[in-house]
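# Examining the three-dimensional arrangement
One letter stands for each residue in the lines below.
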Amino acid sequence: MKRSLGWRVALTLAVLIGSIAAYWWRGHEALKRSPTAPPDPTASDVLKNGLKLGLDLRGGIHLVMQVKTGDALRVEAQDAAEHLKDEARKRGVNIGTLPPATAEGFSIQLNDQTEPSKLKDLCKSALSQTDWQIDERGREWRVSLRTPARMQIEDQSVRQAVETIRNRVDALGVTEPVIQRQSTDRILVQLPGVDDPSRVKEIIGTTGLLSLTLVDDKGGPYGSQEALLQAYGGTVPPELEVVEGFNEDSESRIRTPVFYGLKRAAAVTGRDLKNARVGHDKYNQAAVEFFLNAVGAEKFGRVTGENIGKRLAIVLDRRVQSAPVINGKIESNGIIEGNFTPEKAEALTLVLRSGALPAEMIVLEERTVGPSLGLDSIKQGVLASVVGMLLVFVAMVIYYRLAGVNAVVALLLNAIFLLGAMAWINATLTLPGIAGFILTIGMAVDSNVLIFERIREEIDGGKAPRNGVDVGFKKAFGTIIDTHVTTICAAAFLFQFGTGPVKGFAVTLVIGLLASVFTAVFVSHLLFDLIYGSKEKVEAISI
Amino acid sequence: MRIFHQPKFDFLSVKWYCITGSIVVTAIGMLSLVYKGGPNFGVDFTGGAQLIYGFSSQPDENQIRKVVETAQVKVDSVQRFDRADKNQVLLRVPMEKKEGRDLSKEVTAALTKAFFPQATAGAFDLNLNGTDALQAKLVADDPEKLAAKPNSDPKADYGRLAQSIIDARSRQGLFKTVDAAAKVPGVAPVTGAWLKEKTVAGPFTLLSAENVGPQVGKDLREKGAWAVILSWAAMLTYIGIRFRSASFGTAAVVALVHDTLFTLGLCSILNTEISLTVVAAFLTLIGYSVNDTVVVYDRIRENMQKSRRDPLTSVVNRSINETLSRTILTSGLTFLVCIALFFLGGEVLRGFSFVMMIGIIVGTYSSIFIAAPLVIVWEEWRAKKSAQNSPAAPAAKGKAPAKAR
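Residues numbered from 1 in each chain as written. Chains lettered and ligands numbered in written order. Predicted model: local features only at pLDDT ≥ 70, side-chain atom pairs only at ≥ 80, totals over all residues. Heavy atoms only, no water.

## Some points on the overall build of chain A
Each helix and strand in chain A was counted, giving 14 helices and 18 strands. Its C-alpha atoms give chain A a radius of gyration of 35 Å, clearly above 24 Å, the size a compact globule of 543 residues would have. Looking at chain A as a whole, 51% of its 543 residues qualify as buried. In the form shown here, chain A has an accessible surface area of approximately 24,000 Å², with 56% of it arising from carbon and sulfur atoms. (Helix = DSSP H or I, 4+ residues; strand = E, 2+ residues; numbered from the N terminus. Rg over C-alpha atoms; globule rule 2.2 N^0.38 Å. Buried < 20%, exposed > 50% of the residue type's maximum accessible area, 1.4 Å probe, protein only. Areas by Shrake-Rupley, 256 points an atom, 1.4 Å probe, with all protein chains shown as cover.)

Below is the structure:
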């Protein structure tokens, strides 16, 4: 039997060189992209950067946010209700009263003068029949969104939220952020290297919904909600809403809450915003200046021109920031005061520039790992891996002597292939991934043990040593495939289940096991052939 | 060197003792689980918050608890984390009914007020702020007057500087004084002076913060349970197909379920916390413990083909003996690796390596004493049943099943 060693050696070397090259190349790439990399990286810098580290090792923030799509639906319903009212006014149709809209839709309360047939015609022409469904129940009609339209709006708002968050994160200058839609209404945000959760959450989570709204003539401000209600005789009219703000003492700068009665329809919203920048208020405190686009300026100019002497509320995220008296026609710019620190003002301009989120968001899950804990984990993980590997190596050499050395070489190659493959596919190394790495070594050795035990049995059974090796490899192969399939199968479920760090573990395990089929079966067999040459007659095998 | 030289143990003679013993121990574990109202789930699954702080000197757990509770934050437990000389404290906060409360901010503020009273409100604490916040402050104040210099990029330069300062902090644990930060290589004297004037170094740092809402916790619990159950089913299917025998597949999965429940029960008795990584260990364990079983089964199949006339009992017994060295050696080596991980891998991986260690022992035991004997029990039962149904047929008791190749 002729043994073709040439191509087998070539293939092994090619994979080895490929792995090292892939790792080296990835290290260089990572250094090139890193803004904090030293100007002339040394070899050890490159080695340290070959693997992308997970948030748990390098530090960073992991957030899962939920978009409250109900907000977007409510806005949509409110817009439709306003539109219907406008149309009714134009055509002189009496439609009764419209209470504030909810996420489910809005209702129309017919009064005595309302003619149902006219109202029906109006609804048909003013509202899209594909989007809205009208349910006539006597004197109260329910207008609600149809399911496809509702789903489209929900989908739209989550997509818009992803886009907005991306803009804001980009403005923060985070390298390699992950911003992903996770399910219908969840968004995953991962920011490696950022370790300031409060600041990040403030920037990402602020809705940034700016509106400039007229304060009603009797709209206050009042010191309490009761006082405001009293001024209106118990209930505020439907076209008004109560919004909280604050009053600031110019001397002591102590804030007290106040309440405004604001017109429900905003004069101008953040959609008409062109730019925002940090400016100063009259106390020389940091404030945010904003500039409107042409459409916004036209609207704003009209409203301010018609309402000189009245108050205009600047509302941010449903809170009145200030409500100055309109002294004259203003067109394109304004200022938001609010006793900001320079950092807060800077953050707010960033939020306003990136556009408002379509809906409020809540944080469902937050994980922050500081850089020092990650550093500690790496040290401990590497130590455990090295010690674990050495223990396995020593045990193998003691137990199998020369064949044990063969296994050690195969395991070392396995480790190199694993690192190279992970660098090549740019997989993320996590702390459980380090555990996966060292477990892989423990499991990969199983293939070697299976083969070696088989060889011993064959030789014990009377086979010639050289033949025993070949038969041992051949017979153990089926079992090796079986054991690998089961473990990889479990790892696949693990991948499906896990969040970031656990996914990293699954990936490391699978790659390591695949590499071990190659090293234990192919490389190890080759090593036997290399050691004992191509002679068929070998006296004894050290195993 | 050899552990066993052609061993001839009669494993099957003790099968009923082992099966009974396993049932009893697993039942005790399950009772403990029921008694304690389910597994001791960590914050990943229950929801709630877990904060780890590093202090510059010996922290006082009781005082920390009092301080945090005064700040209207409920506290489940305050305990030392990792080695005692690291001065780290793990704080657990039960789940909030409403999602979205910024607990780490509130707790940090409370701790600052109590342990660092000399800090003025709004002072920039080098131990509590990260790279990006420090960079933003440097850019805003511009102590090196980079903005005025031509060809300079203040944002990038200050970014590198902030990074090296925070890296130094990571290596030192935390800055004991601002001087330590000013002495970091690369910090210019002007910047050092700026640090001393504009920043402070508090007595603690937030190492990690996890805050999991009730929804995510529930999702993860369900996903974890499904992953375990589905991987059981996958193993059943694979072994069933590979060995073309319901008895092999079922026996392997019974052994597998036994391993999982046994380990889970033991975790419950020992109060091991079930975190995400521990569930990862369970799933790995499922793959691993089937390994041993498959190796034994492979050998049984091979020996059945070789010696068709031998009774099944002796074939199984011989197969276990032939693979015994391999089973002990592999499990021993993997166990060794897990020991290294347990003692050296750090606090986060301790639960993981503990479950792996238990799992390896149980998995090895079950593939020898449960999975293989169960095949015999099944086949004997089937033979008895078919003998009852058709008394004319020759007793197939103990014979290798014809279905398995």
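Next comes the rest of the account.
## Quick look at the packing of helix 5 (residues 131-141) of chain B against helix 8 (residues 189-198) of chain B
Residue and element names in this part refer to chain B. One way to put it is that helix 5 packs onto helix 8 with a least axis distance of 12 Å and a crossing angle of 110°. Regarding the angle of helix 5 to helix 8, the classification is roughly perpendicular. Contacts from Lys137, Leu138 and Asp141 in helix 5 reach Thr191, Trp194 and Lys198 in helix 8. Its residues assigned to classes, the contact of helix 5 with helix 8 comprises two nonpolar, one polar and three charged. (Axes fitted to C-alpha atoms, helices over the stretch in contact; angles between N-to-C directions. Parallel < 35°, antiparallel > 145°, perpendicular 65-115°, else oblique. Contact = heavy atoms within 4.5 Å. Nonpolar A, V, L, I, M, F, W, Y, C, P; charged D, E, K, R; others polar.)

## Concerning the interface of chain A and chain B
Counting residues at the interface gives 79 residues for chain A, matched by 90 residues for chain B. Here chain A and chain B share an interface that buries about 7,000 Å² over both sides, 60% of which is from carbon and sulfur atoms. Remark: the boundary between chain A and chain B carries eight salt bridges. Taken together, chain A and chain B are joined by 19 residue pairs in polar contact (both at pLDDT 80 or more). If you list the elements that add at least two residues to the side of chain A that touches chain B, you get helix 7 (197-205), strand 17 (361-369), helix 11 (371-424), helix 12 (431-460), helix 13 (465-497) and helix 14 (500-532) of chain A. (Buried area = accessible area lost by both parts, 1.4 Å probe. Salt bridge = Lys/Arg side-chain N within 4 Å of Asp/Glu carboxyl O. Polar contact = N/O pair within 3.5 Å; in protein donor to acceptor, adjacent residues only side chain to side chain.)

## Describing the domain arrangement of chain B
All names here are of chain B. Parsing chain B into structural domains produces domain 1 (11-42 + 213-386) and domain 2 (48-211). Put simply, the middle of domain 1 and the middle of domain 2, counted by C-alpha atoms, are 46 Å apart. The interface is formed by five residues belonging to domain 1 together with eight residues belonging to domain 2. For the pair domain 1 and domain 2, the two sides together bury roughly 580 Å², of which 52% comes from carbon and sulfur. In terms of surface lost to domain 2, no three residues of domain 1 exceed Gly213, Pro214 and Glu347, which account for 71% of the buried area on that side. For the interface between domain 1 and domain 2, the tally reads one salt bridge. One salt bridge in this structure joins Arg92 and Glu273, with 2.9 Å as the shortest N-O distance. Where domain 1 meets domain 2, there are one residue pair in polar contact (both at pLDDT 80 or more). Counted by class, the side of domain 1 that touches domain 2 contains one nonpolar, two polar and two charged residues. (Domains from an automatic or database assignment.)

## With respect to the pairing of strand 6 (residues 204-212) of chain B
Among the nine residues that make up strand 6 of chain B, nine are buried, leaving the element largely enclosed by the rest of the structure. In the sheet, strand 17 of chain A pairs with strand 6 of chain B via five bridges, with the strands oriented antiparallel. Within the sheet, the bridge partner assigned to Glu365 of chain A lies in strand 6 of chain B and is Val212 of chain B. Note: strand 1 (residues 48-55) of chain B against strand 6 of chain B, eight bridges, orientation antiparallel. Across the sheet, the residue bridging to Ile52 of chain B is Ser208 of chain B, located in strand 6 of chain B. (Pairing = 2+ DSSP bridges.)

## Here we look at the packing of helix 1 (residues 5-33) of chain A against helix 11 of chain A
Residues and elements named next belong to chain A. With their axes 8 Å apart at the nearest point, helix 1 and helix 11 run at an angle of 45° to one another. With respect to helix 11, the element helix 1 is oriented oblique. Of the two elements, helix 1 crosses helix 11, and the hand of that crossing is left-handed. Contacts between helix 1 and helix 11 involve Thr12, Val15, Leu16, Ser19, Ile20, Ala22, Tyr23 and Arg26 from the former and Leu413, Ile416, Phe417, Leu419, Gly420, Ala423 and Trp424 from the latter. Its residues assigned to classes, the contact of helix 1 with helix 11 comprises eleven nonpolar, three polar and one charged. (Left-handed = near helix turned anticlockwise from the far one by under 90°.)

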